Amino acid sequence: MSLIDDASASWSTPVVLASDEIWQARHGSVFVTTTASPDAEDGVALIQGHGLHLRSGLTVRYRKEGPGAARIVREAV
């Protein structure tokens, strides 16, 4: 399991997945995208407790939504 606690309001640097993973918002709201050059409105919204299954080999970016902190957990499956 890996935690992401540094999500900002801007898209993250790309993360290439080495295995299938579940990404879950553990605190706050986040957006997750596999778009190569995402704009501000791209991505799938995850609110606290919601998760997304992402496949190995995908390039993923994330960002938080709103003024509060956000936490994402990544779990290999």
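A closer look at the nonpolar core
1) Next: Ranked by size, the top nonpolar core spans 14 residues in total, and within it Trp23, Val30, Val32 and Tyr62 carry the most contacts.
2) Next: Looking at this core, the elements that each hand over two or more residues are strand S3 (21–27), strand S4 (29–33) and strand S7 (59–65).
3) Next: In this structure, Tyr62 is in contact with Ile4, Asp6, Ala7, Ser10, Trp11, Ser12, Val15, Trp23, Phe31, Val32 and Ile72, ignoring residues within four places of it in sequence.

A look at the pattern of salt bridges
1) Next: A full pass over the atoms with the stated rule returns four salt bridges.
2) Next: For Arg63, the salt bridge goes to Glu65, with nearest N and O atoms at 3.2 Å.
3) Next: Classification of Arg63 as buried rests on a relative accessible area of 8%.
4) Next: By relative accessible area, which is 41% here, Glu65 ends up partly exposed.

Thresholds, definitions, all that
- Residues numbered from 1 in each chain as written.
- Predicted model: local features only at pLDDT ≥ 70, side-chain atom pairs only at ≥ 80, totals over all residues.
- Heavy atoms only, no water.
- Core = buried A, V, L, I, M, F, W, Y, C linked by side-chain atoms within 4.5 Å.
- Buried < 20%, exposed > 50% of the residue type's maximum accessible area, 1.4 Å probe, protein only.
- Helix = DSSP H or I, 4+ residues; strand = E, 2+ residues; numbered from the N terminus.
- Contact = heavy atoms within 4.5 Å.
- Salt bridge = Lys/Arg side-chain N within 4 Å of Asp/Glu carboxyl O.

So far we have only geometry, and geometry alone does not tell us how the molecule works.
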